[in-house]
Amino acid sequence: MATRSSERLRYRYGICLNDNCPKCKEKEVQEIPARKDFVCSNPECGKPLRECPPPKKGMNTKLIGGIVAALVVIGGGAGAFFAMGGDDAEKKEPVKTEVPAEKVDTVATPATEVAEAPAEKKAEETKQEAPKPEVAKAPADKPAAPKAVTNGRGTVNLGYATYSGELRNGKPDGAGVMTFKSSHKAGRNFKTGEDVYGEPGETVDGVFSNGFLQVGTISKKDGNVIKIKY
């Protein structure tokens, strides 16, 4: 104990606090004679020291400082790795395999041709199927219907027969010919008084008055000619 006390009187021990000083980084415990200024022994530093207990005998002060500095560096590097490297490893994107340009061109060319072919064919079909606009034709002038003759000679449709001859107020009146279109009574037999019917295609040639036959003859299909009257 007396030795350590006398040693403390002859020397002072301290640690440099200048971060730029190598002795500070190594955490070196500097031994400064009691009569000298209590500053860093590094000529490039010369900063005041922080007093600390003297190192134990048998231990290498520089070795201790180096071990402490190495632990600090290792601890700081590990912290930086977990703080930065871990996230980068997780965020790192997978490597994408690029297809060679020649291979892409070879595959893409047929696909393009296949995709465009239906479009061109469809366009041609649409062009062929497009209906041609119809040209509006001017309506043909219809011939004017002949005016019905009501007085004089003309032709009228009686329904069961067609009459051509003299007319008065649109009715047979005078000499004319009647052609039957369906079976209908033509008159009476001039001799027997029996009713005589005209059949389709048979004709009566006679004299009419106010639409009725007065006297005339009917030509039958069998060749007979019968004289008839109203």
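To start, this report covers the structure provided alongside it. (Residues numbered from 1 in each chain as written. Predicted model: local features only at pLDDT ≥ 70, side-chain atom pairs only at ≥ 80, totals over all residues. Heavy atoms only, no water.)

### Digging into the packing of aromatic side chains
Thought 1: Going through the model one piece at a time under the given rule, you end up with three aromatic pairs.
Thought 2: Measuring from ring centre to ring centre gives 5.1 Å for Y163 and F208, while their planes differ by 75 degrees; the resulting arrangement is edge-to-face. Residue Y163 is found in strand β5 (residues 161–168), and its partner F208 is found in strand β9 (residues 203–209); the two are separated by 45 residues along the sequence.
Thought 3: A residue is classified by how much of its surface remains accessible, and Y163, at 0% relative accessible area, is buried.
Thought 4: Measuring from centroid to centroid gives 5.8 Å for F212 and Y230, while their planes differ by 70 degrees, and the two rings are edge-to-face. Residue F212 is located in strand β10 (residues 212–219), and its partner Y230 is located in the segment after β11 (225–229); the two are separated by 18 residues in the primary sequence. (Phe/Tyr/Trp six-rings, centres within 6.5 Å; stacked < 30°, edge-to-face > 60°. Helix = DSSP H or I, 4+ residues; strand = E, 2+ residues; numbered from the N terminus. Buried < 20%, exposed > 50% of the residue type's maximum accessible area, 1.4 Å probe, protein only.)

### Notes on the nonpolar core
Thought 1: Membership of the largest hydrophobic core comes to 13 residues, with the highest contact counts inside it found for M178, F180, A186, V204, I218 and I228.
Thought 2: Of all the elements in the fold, those that place two or more residues in this core are β5, β6 (171–180), β9 and β10.
Thought 3: Of the residues forming this core, the biggest block, three residues, is contributed by β5.
Thought 4: Grouped together as the second largest cluster of nonpolar side chains are eight residues, C16, F38, C45 and L49 included. (Core = buried A, V, L, I, M, F, W, Y, C linked by side-chain atoms within 4.5 Å.)

### Considerations on a nonpolar patch on the surface
Thought 1: Taken together, the side chains of F190, V207 and V215 make up a nonpolar region of the molecular surface, amounting to roughly 220 Å² of accessible area.
Thought 2: Tracing the backbone through its elements, the reader meets V207 in strand β9. (Patch = residues over 30% accessible without salt bridge, like charges linked within 9 Å, V, L, I, M, F, W, Y side chains within 5 Å. Areas by Shrake-Rupley, 256 points an atom, 1.4 Å probe, with all protein chains shown as cover. Salt bridge = Lys/Arg side-chain N within 4 Å of Asp/Glu carboxyl O.)

### Here's the deal with the pairing of strand β2 (residues 29–33)
Thought 1: Residues Q30 and I32 line the buried face of β2, whereas the alternating positions V29, E31 and P33 sit on a face that is not buried.
Thought 2: Pairing analysis gives five bridges linking strand β1 (residues 11–16) to β2, with the strands arranged antiparallel. Its bridge partner being in β2, Y13 is matched across the sheet by E31. (Pairing = 2+ DSSP bridges.)

### Concerning the sheet that holds β2
Thought 1: Read from one edge of the open sheet, three strands run β2-β1-β3, paired in antiparallel fashion. Only two strands of the sheet have a single partner each, and these edge strands are β2 and β3 (49–51). When strand polarity is set aside, the average angle formed by the axes of neighbouring strands in this sheet is 50 degrees. (Axes fitted to C-alpha atoms, helices over the stretch in contact; angles between N-to-C directions.)

### Here we look at the pairing of β11
Thought 1: Inspection of the sheet shows strand β7 (residues 184–189) paired to β11 by two bridges, in the antiparallel sense. In the strand pairing of β11, R188 is matched with K229.
Thought 2: Across five bridges, the pairing between β10 and β11 is antiparallel. Bridge assignment links V215 to a residue of β11, and that residue is K229.
Thought 3: The antiparallel pairing of β10 with β11 creates a hairpin that spans five residues between the two strands, and G223 there sits at a positive phi of about 100 degrees.

That's the geometry; what it means functionally is another story.
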